[in-house]
Amino acid sequence: MFTDIGPMELGTLAILAVLIFGPDKLPKLIQDVSNVIRKVRSFSESAKQDIRAELGPEFKDFEFEDLNPKTFVRKQLMENDDLGLKEIRSSFDLRKDMEEVADAVHGRESAPATAAANGSVNGSGGPDLVKKRQGLDPGERPPFDADAT
């Protein structure tokens, strides 16, 4: 709940509490606040137990944290692998693909055995995208990419 409060803020709050309520009333105030927190927690737990009892035995493993959409989706997709999502997820090797793209951009060969076997660096037999052209041929227009402009 208060994970973003640092030691300086906590010290400042303690000093303000002593200044506002005084050292004689502060222990009684802390007791009252802790009793209220305990009562709210017990009320919330009893309400959860009542809801679970009313839902019936088929919802005995129901957790209220599952109502959070992020938790619900994670639980349904990660734990129930009826669709074979783990296999699909493991088939995507984005790190390898990104390394190949970075190698192509920097002019390094990522797989020399594959390139030698296929006769080109990119392995598709198409134009060599790694090798830089020296210049344009006379009368040739520079390449134009409509999506880049």
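Worth saying up front: this structure is predicted, and the values here are computed from it rather than measured.

Glancing now at the pattern of salt bridges. Evaluated as defined, the whole model comprises 2 salt bridges. Measuring nitrogen to oxygen at the nearest pair gives 3.9 Å for the salt bridge that ties K48 to E45. Taken together, the positions of K48 and E45, both in helix α1 (residues 7-55) and 3 residues apart, correspond to about one turn of that helix. Among the residues examined, K48 registers a relative accessible area of 23% and is labelled partly exposed. Taking relative accessible area as the criterion, E45 reaches 41% and is therefore assigned partly exposed.

Taking 1.5 Å per residue as the helical rise, helix α4 (residues 94-106) with its 13 residues ought to reach 18 Å, and the 18 Å between its terminal C-alpha atoms agrees with that figure. In the stretch just after α4, G107 is the one whose phi turns positive, near 80 degrees.

With 49 residues, α1 should reach 72 Å at 1.5 Å per residue; the first-to-last C-alpha distance of 44 Å falls well below that figure. Along α1, the largest kink reaches about 105 degrees and is centred on G22; proline P23 follows within four residues of it. Here α1 has its buried residues at G22, L26 and R52. Residue G56 follows α1 closely and has a positive phi angle near 105 degrees.

Rules and cut-offs
Residues numbered from 1 in each chain as written. Predicted model: local features only at pLDDT ≥ 70, side-chain atom pairs only at ≥ 80, totals over all residues. Heavy atoms only, no water. Salt bridge = Lys/Arg side-chain N within 4 Å of Asp/Glu carboxyl O. Helix = DSSP H or I, 4+ residues; strand = E, 2+ residues; numbered from the N terminus. Buried < 20%, exposed > 50% of the residue type's maximum accessible area, 1.4 Å probe, protein only. Expected span 1.5 Å × (residues − 1). Bend = angle between axes of the 7 residues up to and from the residue.

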